[in-house]
Amino acid sequence: GDFWGGADKLPGLYHLTAAELEWLNAAGMELKHAPQERIQVDRFLLNLLGSTGKTITDPYRSCPDWLRQACELIHKPEHLQAGAQAFFAMAGRAPEHVARTLKQRTGKTPTQVIAEARLAYAAALLTNTEAGILSIAMDCGFASLSYFYKIFRQAFGMTPRRYRQTYFKAPVKRLHPMIP
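A brief report on the enclosed structure follows. Because the structure is a prediction, the values reported are computed rather than measured.

Attention now goes to the packing of aromatic side chains. Two descriptors summarise a pair of aromatic rings, namely the distance from one centre to the other and the angle between the planes of the rings. In the structure shown here, the tally under the stated rule is nine aromatic pairs. Centre to centre, the rings of phenylalanine 148 and tyrosine 149 are 6.3 Å apart; their planes meet at 85°, and the pair counts as edge-to-face. With a relative accessible area of 26%, tyrosine 149 lands in the partly exposed category. Centre to centre, the rings of phenylalanine 152 and phenylalanine 156 are 4.5 Å apart; their planes meet at 35°, and the pair counts as tilted. Here phenylalanine 152 and its partner phenylalanine 156 are both found in helix 8 (residues 145-156), four residues apart, which amounts to about one turn of the helix. Residue classification places phenylalanine 152 among the buried residues on the basis of a relative accessible area of 0%. One aromatic cluster is present, built from ring pairs that chain together Phe142, Tyr147, Phe148, Tyr149, Phe152, Phe156, Tyr163 and Tyr167. The ring of phenylalanine 142 has arginine 118 lying over it, and the distance from NZ or CZ to the ring centre is 5.8 Å.

Residue position: alanine 124 is located in helix 6 (residues 110-128). The exposure class assigned to alanine 124 is buried, which follows from its relative accessible area of 7%. Each C-alpha atom, one on alanine 124 and one on arginine 164, is 9.6 Å from the other, the two residues being 40 residues apart in sequence.

The next point concerns the nonpolar core. Ranked by internal contacts, the top residues of the largest apolar core, which has 17 residues, are Leu67, Cys71, Ile74, Phe87, Val98, Leu102 and Val113. Among the elements of the structure, helix 3 (65-74), helix 4 (84-91), helix 5 (95-106) and helix 6 are those that each provide at least two residues to this core. Here the element with the most residues in this core is helix 3; it accounts for five residues. When sequence neighbours within four positions are dropped, the list of residues in contact with phenylalanine 87 reads Leu67, Ala70, Cys71, Ile74, Val98, Leu102, Pro110 and Ile114. One finds Ala115, Leu125, Phe148 and Ile151 within the second-largest nonpolar core, a separate group that totals 16 residues.

Turning our attention to the packing of helix 3 against helix 5. At a minimum axis separation of 11 Å, helix 3 and helix 5 run at an interaxial angle of 90°. Taken together, the axes of helix 3 and helix 5 are roughly perpendicular relative to one another. Contacts from Trp66, Leu67 and Cys71 in helix 3 reach His97, Val98, Thr101 and Leu102 in helix 5.

Each value, and the rule that gives it
- Residues numbered from 1 in each chain as written.
- Predicted model: local features only at pLDDT ≥ 70, side-chain atom pairs only at ≥ 80, totals over all residues.
- Heavy atoms only, no water.
- Phe/Tyr/Trp six-rings, centres within 6.5 Å; stacked < 30°, edge-to-face > 60°.
- Buried < 20%, exposed > 50% of the residue type's maximum accessible area, 1.4 Å probe, protein only.
- Helix = DSSP H or I, 4+ residues; strand = E, 2+ residues; numbered from the N terminus.
- Lys NZ or Arg CZ within 6 Å of the ring centre and 35° of its normal.
- Core = buried A, V, L, I, M, F, W, Y, C linked by side-chain atoms within 4.5 Å.
- Contact = heavy atoms within 4.5 Å.
- Axes fitted to C-alpha atoms, helices over the stretch in contact; angles between N-to-C directions.
- Parallel < 35°, antiparallel > 145°, perpendicular 65-115°, else oblique.

Don't take any of this as a statement about function, it's just geometry.
Put into structure tokens, the structure is as follows:
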């Protein structure tokens, strides 16, 4: 379910390592020159799903249920603007206890978890929508555009604008106005 997304959320976003990109390029070239049979496409897709599926892990698997639930909830778009106090409320525990347990189990602070959730959603919006960068920053809970740019660059190594230019998935255009 998380891999494909759903009606209410954007599809997953995965960054591949150089080795994975090299494999993907080689596999794509092999597919391009293979006989035009469905079995070849199925083989490619299954290998692709297998290789990306290995990177999908639950970073909160070692957390108690109450903390895992709060970490999952903060990743939902409707909770991104809420901030740390709402995160602590979702956990149902004292802020100090939440922060201490989260740090012990994941090595992250609540601020880092919230920022990662916001950045992941921002990256998905940048690659899948044409919404303005300011609008995306505000929708993700960032109060300042300059702060959004700063931590986005730290996380992804490029500005949100450059990220969109690099990874934007153009919408499918219709060939004929009468064809849905």
